[in-house]
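# Coordinate analysis (summary)
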Amino acid sequence: VPFEIPELVGNGLMELDAKSADPALKNPTTSGQFDTWVTPMNYFGLLTMLESIGYYSASEKKCLRAGDVYSAVNCPAGYVKRAEADILCTEGCQTGYTCICKPCAKLKTPALVLSAEALTTDWPGSVDVPALEAQTVFSSPCQRMGRCIYVASGQRQRWTLLDQIGAQSRIKINTPLLNTVQVRLRFDSEWVTLPPVNITLADGTRTQSYSLETVAGDVGTHILQVRINGEQAELSPVIAEHFAPPRRVIVCAPGEESQDNGTCTACPPGTHGTKQGAEQTAVCWPCQPGLHNPKWNQSSCF
């Protein structure tokens, strides 16, 4: 194409003006819905914008064409494309045009939240409950590869995965449903499938939560994993640490033995009361050979 032709086309476009008194210069702006044309400083900003929305290929140096209007919609990071039936609008749309309204929906961040909470636990009398509670830590919401709980072995707890979007909203915004939610409490344990429970959040969002009540197992560091639709969730894995329950110091009288429920009982005949271990735990010990004790509640044999 001779350079004179693009130059003439450019000059003609620059003359178009919505405020012009000349109908030949004003009418095209009305039908084309623009005010005027100006000389661009450069095309880098335009190309960057087109590339970010998927309309331009920098490597191929050409514009990309979609087969239909819905396929042409590309949403920015943090947004998802709504279902096709929800983005087509007719109000205010001129005959012969296809109009779309609010095609992208912003996702709640994060879409999934994992948390843990303590449940009432019947500790034996030998456990120092105040000291135990002082050591216990629940860090909610749980963070990937972070320590979510630090609890005593035997602590009852509830793990909850909250879907902040909800099944109905996921259908409308065309994002994957949570068909299966599974949890594994340690690497050598079985996967547990969690059933959904319909709930309503404070902001009125109708959604689902998935819960599992467990008891803290062996002392040590454990890895909890979450799997969504058979794939590892972005928030998984998290760390759960279990410590040994601190024991309460039980003071018993001579000739008595401390029990797990925090009480003291009398030593039976043939035994005597003594202290054992670093904690000086009161126990009943058999009499040595050649010694005897025919009575209850004795601190020595003779």
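Preceding block: the structure.
Backbone nitrogen of Ala24 and a side-chain oxygen of the N-cap are separated by 3.0 Å at the start of helix α2 (residues 23–32); the cap is Asp22. Two residues or fewer past α2, Gln33 is found with a positive phi of approximately 55 degrees.

If you walk through the whole model with that rule in mind, you get seven disulfides. Two residues share a disulfide in this structure: Cys142 and Cys148, whose sulfurs sit 1.9 Å from each other. This pair shows no difference in class: Cys142 is buried, exactly as Cys148 is. A sulfur-sulfur separation of 1.8 Å characterises the disulfide bridge that pairs Cys287 with Cys301.

A few words on the environment of Val238. Residue placement: Val238 occurs in strand β17 (residues 238–243). With a relative accessible area of 1%, Val238 lands in the buried category. Taking the C-alpha atoms as reference points, Val238 and Arg147, 91 residues apart in sequence, are found 6.2 Å from one another. Contact partners of Val238, with chain neighbours within four places excluded, come to Leu114, Cys142, Gln143, Arg144, Met145, Gly146, Cys148, Trp159, His222, Ile223 and Leu224.

A few words on the pattern of salt bridges. With the rule as written, the count across this model stands at eight salt bridges. Residues Asp163 and Arg170 are paired through a salt bridge, measuring 2.9 Å at the closest nitrogen-oxygen approach. The class of Asp163 is buried, set by a relative accessible area of 1%. Taking the relative accessible area as the measure of exposure, Arg170 reaches 5% and is therefore buried. What you see here is one network of salt bridges that share partners, running through Glu117, Arg156, Arg158 and Glu213.

Turning our attention to the sheet that holds strand β7 (residues 112–118). Read from one edge of the open sheet, four strands run β7-β10-β14-β13, paired in antiparallel fashion. In this open sheet, the two strands that pair with only one neighbour each are β7 and β13 (196–200). Each adjacent strand pair in this sheet contributes to an overall mean axis angle of 30 degrees, direction not counted. Two elements, β7 and strand β10 (residues 156–163), share seven bridges in a ladder whose sense is antiparallel. Considered in β10, the bridge of Ala118 is made with Gln157.

Okay, the nonpolar core next. In terms of nonpolar packing, the biggest core is built from 23 residues, with Leu114, Trp159, Leu161, Val226 and Ile228 touching the most fellow members. For this core, the elements supplying multiple residues, two or more each, are β7, β9 (147–152), β10, β11 (181–184), β14 (206–215), β15 (220–228) and β17. Residues Trp123, Val127, Leu132 and Ala152 belong to the second largest nonpolar core, which totals five residues.

Cut-offs and rules
- Residues take numbers from 1 onward in each chain, read along the sequence in its written order.
- Only residues with pLDDT of at least 70 get local features here, since the model is predicted, and only at 80 or more are side-chain atom pairs given and counted; chain-wide, interface and lining totals rely on the full set of residues.
- Side-chain numbers here rest on the full set of heavy atoms in the structure, without hydrogens or water.
- Polar contact is the term for a pair of N or O atoms within 3.5 Å; when the atoms are in protein, one must be able to donate a hydrogen and the other to accept it, and sequence-neighboring residues count only if both atoms are side-chain atoms.
- What counts as a helix is a DSSP run of H or I of at least four residues, what counts as a strand is a run of E of at least two, and both are numbered from the N terminus.
- Criterion for a disulfide: a pair of cysteine sulfur atoms within 2.5 Å.
- Buried residues are those whose accessible area, probed at 1.4 Å on protein chains only, stays under 20% of the maximum for their type, while exposed residues exceed 50% and partly exposed ones sit between those limits.
- The contact definition used throughout considers only heavy atoms, calling two residues in contact when any of these lie within 4.5 Å.
- A pairing counts as a salt bridge when a side-chain nitrogen of Lys or Arg comes within 4 Å of a carboxyl oxygen of Asp or Glu.
- Any two strands with at least two DSSP bridges between them are considered paired.
- Only the contacting stretch of a helix is used when fitting its axis, a line to C-alpha atoms as for every element, and angles between N-to-C directions run 0 to 180 degrees.
- The criterion is simple. A nonpolar core is a set of buried Ala, Val, Leu, Ile, Met, Phe, Trp, Tyr and Cys residues joined through side-chain atoms within 4.5 Å.

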